[in-house]
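Spelled out from the first residue to the last, the chains are:
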Amino acid sequence: GSDEEDEEEEDEIDEAEARKYSIFWGEFGKAMKLGIIEDSQNRNRIAKLIRFQTSKSATDLIALDEYIERMKEGQKNIYYVAGQSYDEVANSPFVERLLAKDYEVIYFTDPVDEYMMQHMFEYEDYNFMNAAKDELKMSDKDDKEKKQEKQLKKDFDGLTKWWKEVLGDESIENVKVSKRLATTPCIVVTSKFGWSANMQRIMEAQALTDSQKQAYMKGRKILEINPRHPLIKELKSL
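As the structure is a prediction and not an experimental result, all values here were calculated from the model.

A. Looking closely at the pairing of strand S6 (residues 126-130). Pairing of strand S3 (residues 77-82) with S6 involves four bridges; the strand directions are parallel. What sits directly across from Asn77, in S6, is Asn127. With two bridges joining them, strand S5 (residues 122-123) and S6 adopt antiparallel strand pairing. The residue bridging Tyr123 from the neighbouring strand is Tyr126, located in S6. Where S5 hands over to S6, the hairpin turn is made up of two residues, of which Glu124 adopts a positive phi near 50 degrees.

Below, the structure is given as structure tokens:
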């Protein structure tokens, strides 16, 4: 079994390398994230070195290349969500449907992560997609599912319009039928270009940004409703 021994030896080397890198990452990870923010010329090279937890890798930190290797067939986006802790993001309503459909989601829990992602839009031809923002797209929909979604949008049109009128323009920009929720009745998401709720929390905690910029960057809010939830169905039937 010399082949087996060779393989075992290789595995041991890989593990030792991973351990070494994990110590290195603990020391210099934050500096690398700042590198992505500040060094636009080397952004893609530094991105290769970034490590993170995901919905499928809670203990071992993985790289973007590993994430791409494990992607679902036909997947076009790299999904991520940011929050204060692994548990918070893992149980977030933002990722319900992504996880139910077996997409891997990157979990960012360091305050600098969302700053970093404002400078990183794509990697190796894949776009990054924040699960907490409007226009979340999943690429595995077949015609049947697309038809269903279209029909649900139509069926709930009256309810979404009524809800929008009740809430008024000040508090919410739009009310939509959600594509991201599985078990939660409704959720507020941020427009694509504004701050997510997590980013807003970080910025307010720092109190460094002027209030005008805050108001501008807070982003418009969209209420999404889950058409499959009994509570929402009940509201529709009233």
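B. Quick peek at the sheet that holds strand S7 (residues 174-177). Within the open sheet, the three strands sit side by side as S7-S9-S8. Their pairing is mixed. Looking at the sheet topology across the chains shown, the edges are occupied by S7 and strand S8 (186-190). For this sheet, the mean angle separating the axes of adjacent strands, direction not counted, is 30 degrees. Here S7 runs beside strand S9 (residues 221-225); their pairing, made up of four bridges, is parallel.

C. Focus on the sheet that holds S3. Sheet architecture is open: six strands sit in the order S2-S1-S4-S3-S6-S5, paired in mixed fashion. Edge positions in the sheet fall to strand S2 (57-62) and S5, since each has one partner strand and no second. Pairing geometry for strand S1 (residues 52-54) and strand S4 (residues 105-108), over two bridges, is antiparallel. Bridge pairing links Gln53 to Tyr107 in S4.

D. Quick peek at unusual backbone geometry. For Asp102, which is not glycine, the phi torsion reads 70 degrees and is therefore positive. Relative to the helices and strands, Asp102 is located in the loop between helix H5 (96-100) and S4. Note on Asp102: relative accessible area 45%, which makes it partly exposed. Its identity is not glycine, yet Glu135 carries a phi of approximately 65 degrees, on the positive side. Among the secondary structure elements, Glu135 is positioned in the loop between S6 and helix H7 (143-155). For Glu135, a relative accessible area of 39% puts it in the partly exposed group.

E. Here's a closer look at the packing of aromatic side chains. A full pass over the atoms with the stated rule returns eight aromatic pairs. Here Tyr80 and Phe128 contribute two aromatic rings whose centre-to-centre distance is 6.4 Å and whose plane-to-plane angle is 75 degrees, an arrangement assigned as edge-to-face. One end of the pair, Tyr80, is in strand S3; the other, Phe128, is in strand S6, and 48 residues separate them in sequence. Given the relative accessible area of 8%, Tyr80 is considered buried. For Phe128, a relative accessible area of 12% gives the class buried. Through a chain of ring-to-ring contacts, three or more aromatic side chains come together here, namely Phe52, Tyr80, Phe108 and Phe128. The lysine or arginine in question, Arg51, covers the ring of Tyr21, its NZ or CZ lying 4.3 Å from the ring centre. The side chain of Lys72 reaches across the aromatic face of Tyr103, ending 4.4 Å from its centre.

F. The environment of Lys76, seen in detail. Tracing the backbone through its elements, the reader meets Lys76 in the loop between helix H3 (64-69) and S3. Judged by its relative accessible area of 54%, Lys76 is exposed. Taking the C-alpha atoms as reference, Lys76 lies 8.6 Å from Asp125; in sequence the two are 49 residues apart. In contact with Lys76, not counting residues within four places along its chain, are Tyr126, Asn127 and Ser139.

G. A look at the side chain of Glu104. Mapped onto the elements, Glu104 comes out in the loop between H5 and S4. Glu104 sits in the buried class, given a relative accessible area of 4%. A polar atom in the side chain of Glu104 sits 2.6 Å from the side chain of Arg70. Apart from the residues within four sequence positions on either side, Glu104 is in contact with Thr54, Ser55, Lys56, Ile62, Tyr67, Arg70 and Tyr79.

Calculation rules
Residues numbered from 1 in each chain as written. Predicted model: local features only at pLDDT ≥ 70, side-chain atom pairs only at ≥ 80, totals over all residues. Heavy atoms only, no water. Pairing = 2+ DSSP bridges. Helix = DSSP H or I, 4+ residues; strand = E, 2+ residues; numbered from the N terminus. Axes fitted to C-alpha atoms, helices over the stretch in contact; angles between N-to-C directions. Buried < 20%, exposed > 50% of the residue type's maximum accessible area, 1.4 Å probe, protein only. Phe/Tyr/Trp six-rings, centres within 6.5 Å; stacked < 30°, edge-to-face > 60°. Lys NZ or Arg CZ within 6 Å of the ring centre and 35° of its normal. Contact = heavy atoms within 4.5 Å. Polar contact = N/O pair within 3.5 Å; in protein donor to acceptor, adjacent residues only side chain to side chain.

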